[in-house]
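Remarks on the overall topology
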Amino acid sequence: MTCLVLLVVSRLMPQLTFIWYCFVRPLTGAKDQKARLDKFYEGQADVYDATRRGLLRGRKTMLNLCAGHIRTLRVSRPDKRLVWVDIGGGTGHNIELMDQFLPISSFDAVYLIDLCEPLLQVARKRFAMKGWTNVHILCQDASDFELPEWQESSSVGPKGSVGFVTLSYSLSMIPNFYTLLDRIDYVLSPQEGLLGVVDFYTAGKNASLHEKAIGGESKECGWLSRWFWQIWFDFDNVHLSPARRSYLEYRFGTIKSYNGRNRFVLPFIVRMHDSLVTPYYIWLGRPRTADISKTCHAFEVEGGNTVGNCSPASSFNGAKENVPTLNISPLELGSSIIEQQAGSNAVIVNITPPLSSFHYQVNKPWRLPYYEHPVHKEFRTFVYSFTWEDPYVDVEHLELTQDDSMFVISSAGDNALHYAIAANPRRIHCVDMNPCQGHLLELKLAAIQSLDYAEFFALFGEGYHPNFRSLLDSKIAPHLSSSAYQFWRINLAAFITPSKPFYLHGYSGWALRLARLIFRMAGVEKDVERLCDSETLDEQVKIWQQKLRPVILNPIIVALMRNPVFCWNALGVPMNQRKMLLNEGYAYAYVRDTLDPLLSTYLLKTENYFYLLCLLGHYTHASCPAYLTPSGFESLKSNEGNALNSFRLHTDSIYNVLRGLNSWSLTRVLIMDHLDWFKVDSESVDQELAQLARVVASGGLVFWRSAAKQPWYNKVFERAGFHVQAVAIRKSSGVALDRVNMYASFWKAIRS
């Protein structure tokens, strides 16, 4: 029994020591900051790392992100001297961690700066065991730190001499944080310099749109959380008031910002209620003196935003927001989107310094910055995990060349990538009001840029990669916007759950999961696999007619097509389009005329990846979109064609984006079934097509599909100065219009 007690005590000793020094032993008699730190840590220095693993979340992620961004920043100047200063690094744990992501030998010099001697003693032992000769320990006040090399060499001065600085749970403990951040800004390299921070924080709920755009999503803390944690940490001279983070985001340009919640408070003892989980943030930034002319040009000129002088100290106005009424679903959006007609009280987007994370990103300027809008909250996630229109038929009629400038709806980005492979057009504007659709396309672009083909196909072909978290932080993140990184960091489960691959997520994932359930209940799961593996059309049609057709054309299943909630949440079909579809005939006839011709025309195994995905929940190498083929992937990844450089991703309404573009600047436009979403004779359609007529050059082409054989808005195109032609209209002859065959018609308009 005595041995058992001793064993338990020895196991709990680090935690007991932590509790004694942090919560019981009074911190009195210390005359200054150094004395307070020494007294606080002197008895717990040896157990510091063991007791902080759960409490100090995000350190590993911050270092992994920084390593990936450092590699990207140094591409143009790989031989430049690289110096890392870890401020408040204590025991040296961060430096040891970083060796996993970026070898310490990659740095010309590493300096650990801390004012606490007990913690530095642990660091000295750690580095001696590692044998690192380029790592140096300095016991200094962080607010006026001095590197020995500034004194030893006349050629190395403080200004701009440091390439990398980290603050890991130390910014909140340093009293003179203004002086510290000013000093970091002075010594950090203007162009290649990177600052990484992870720390506790609190923030109120009254932030401006601009502050939200910089600080990232989920930054706000409830009043109870703010009150509790500020008081709690004040006892240990850890300051969580918003001032530190606010000045950090003002002084430096934000690259990445992630706001997390740590549910761990005391090791193995307490997990608090959601309102009291500890807020922490991971932040990466660079000096505001960095050259951002490339991203300014992308935002102002290529993105179509009306601005003034784009210097770090300037402010400028963007386009007015005009969000039309979209009657989507009685339970989803309803009347929550307030129509703002042209000339009415529109919202002015005023972007002021510091500029958004878009301007300071370290790679291609794909995703244009946007402000949070009420409609964004209605889109909880992406509606479409795959694009539901046939790009091969599009390309047959687009007559694309490298000189074309395109305007397309983002959706899942599959078709936009197809057009880039087919012709490498000069510009592809991808537009979607749902930010999550932009996050998805941005992830695909970043993954193409940073991953190899096997990794990429695992993500978007099979929809599963067990190491997605590692790929996201180390390889993909440097190519993502801050908002996209935060979204995928929160939604890691979309790619790491083998039983629920990526394509079973999002609104469209509801339909695929429902189909799986129906097939399981009907006992035809094996028949689904046989259908997708059929070698001939005769074999495929036989399985379809005998096994699956009776299940899918079951009256109960067909009845779902008449349900507006199901149509929106599972199929992404809004109310107005659903009415157009049902006006063409009965739901049973629609499903029959959609599927029967497809199964007798296209072999799922090799020719129709749309329905193969719906049945299997993933693509195969033999049946997948062009961007998932080895040749398509290499075409996009190749620097020679610069196909990825053509993309500009807009998170806004089509009307707003068109209004910002120059007249006659577009030559090819594909708006999918977008106009089906509007009410008949909606004034918003007239306004949108008037802008479209302004920006499309003479002879330019506009394409759209509709659930109606003769959509009402064709006449609006003609009034706006277009000549309208039918590309294809569904007939009752059983002929598929394309490999999706869900639309009643396909149209083309030529600008006069």
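A brief structural summary.

Definitions and cut-offs
Residues numbered from 1 in each chain as written. Predicted model: local features only at pLDDT ≥ 70, side-chain atom pairs only at ≥ 80, totals over all residues. Heavy atoms only, no water. Helix = DSSP H or I, 4+ residues; strand = E, 2+ residues; numbered from the N terminus. Buried < 20%, exposed > 50% of the residue type's maximum accessible area, 1.4 Å probe, protein only. Areas by Shrake-Rupley, 256 points an atom, 1.4 Å probe, with all protein chains shown as cover. Pairing = 2+ DSSP bridges. Core = buried A, V, L, I, M, F, W, Y, C linked by side-chain atoms within 4.5 Å. Contact = heavy atoms within 4.5 Å. Salt bridge = Lys/Arg side-chain N within 4 Å of Asp/Glu carboxyl O. Axes fitted to C-alpha atoms, helices over the stretch in contact; angles between N-to-C directions. Parallel < 35°, antiparallel > 145°, perpendicular 65-115°, else oblique. Nonpolar A, V, L, I, M, F, W, Y, C, P; charged D, E, K, R; others polar. Phe/Tyr/Trp six-rings, centres within 6.5 Å; stacked < 30°, edge-to-face > 60°. Lys NZ or Arg CZ within 6 Å of the ring centre and 35° of its normal.

**Quick look at the overall build of the protein**
Scanning the protein for helices and strands turns up 33 helices and 18 strands. Per-residue burial over the protein gives 59% buried out of 752 residues. When the accessible surface of the protein is split by element, carbon and sulfur atoms take 54% of a total near 30,400 Å².

**Looking at the pairing of strand β18 (residues 745-751)**
Of all 7 residues that make up β18, 6 are buried, and the element is covered over most of its length. In this structure, strand β16 (residues 696-706) lies alongside β18, joined through 6 bridges in antiparallel fashion. When the bridges of β18 are listed, Leu-701 appears paired with Ile-750. The pairing of strand β17 (residues 722-729) with β18 spans 7 bridges and is antiparallel. Bridge pairing in β18 links Phe-722 to Arg-751.

**Notes on the nonpolar core**
Of all hydrophobic cores here, the largest spans 138 residues; its most connected members are Met-98, Phe-460, Ile-476, Trp-488 and Phe-647. Here Phe-647 is in contact with Pro-365, Trp-366, Ala-416, Leu-417, Ala-420, Arg-427, Ile-428, Cys-430 and Leu-445, once residues within four sequence places are set aside.

**Comments concerning the pattern of salt bridges**
Throughout the structure, instances matching the rule amount to 28 salt bridges. Notably, a salt bridge pairs Arg-367 with Glu-442, separated by 2.8 Å at the nearest N-O pair. With Arg-367 in the loop between α13 (357-360) and α14 (374-378) and Glu-442 in helix α17 (residues 435-450), this pair connects stretches of sequence that are 75 residues apart. Here Asp-414 and Lys-444 are joined by a salt bridge, their closest N and O atoms 2.5 Å apart. Residue Asp-414 is found in helix α16 (residues 414-423), and its partner Lys-444 is found in helix α17; the two are separated by 30 residues along the sequence. Judged on exposure class, the residue Asp-414 and its partner Lys-444 are both buried. Put simply, Glu-389, Asp-394, Arg-705 and Asp-738 are held in one network by salt bridges that share partners.

**Topic: the pairing of strand β12 (residues 405-409)**
The buried fraction of β12 is high, at 5 of 5 residues. What you see with β12 is no split at all: Ser-405, Phe-407 and Ile-409 on one side and Met-406 and Val-408 on the other are buried throughout. As defined by bridge partners, β12 adjoins strand β13 (residues 427-431) across 5 bridges and the pair is classed as parallel. When the bridges of β13 are listed, Val-408 appears paired with Cys-430. Alignment of β12 against strand β15 (residues 666-670), held across 3 bridges, turns out to be parallel. Counted as the bridge partner of Val-408 is Leu-670 from β15.

**What to know about the sheet that holds β13**
Spatial strand order, β14-β13-β12-β15-β16-β18-β17: 7 strands in an open sheet with mixed pairing. Two strands in the sheet have a free side with no partner beyond their single neighbour: β14 (647-650) and β17. Each neighbouring strand pair of the sheet contributes to a mean axis angle of 15°, computed without reference to strand direction.

**Here's the deal with the packing of helix α4 (residues 59-73) against helix α19 (residues 468-476)**
For the pair α4 and α19, interaxial distance at closest approach is 7 Å and the crossing angle is 50°. Regarding the angle of α4 to α19, the classification is oblique. Together, Thr-61, Asn-64, Leu-65, Gly-68 and Arg-71 of α4 and Arg-469, Ser-470, Asp-473 and Ser-474 of α19 make up the contact between the two elements. Looking at the contact of α4 with α19 residue by residue, the classes come out as 1 nonpolar, 5 polar and 3 charged.

**Examining the packing of aromatic side chains**
For the structure on display, the rule yields 39 aromatic pairs. Ring centres of Phe-460 and Phe-502 lie 6.1 Å apart, and the angle between their planes is 85°; this geometry places the pair in the edge-to-face category. Of this pair, Phe-460 sits in helix α18 (residues 453-460) while Phe-502 sits in the loop between α21 (493-496) and α22 (506-522), and the two are 42 residues apart along the sequence. Residue Phe-460 shares its accessibility class with Phe-502, and that shared class is buried. Residue placement shows Arg-245 over the ring face of Tyr-201; its charged tip is 4.8 Å from the ring centre. Lying across the ring of Tyr-281, Arg-245 places its NZ or CZ 4.3 Å from the centre.

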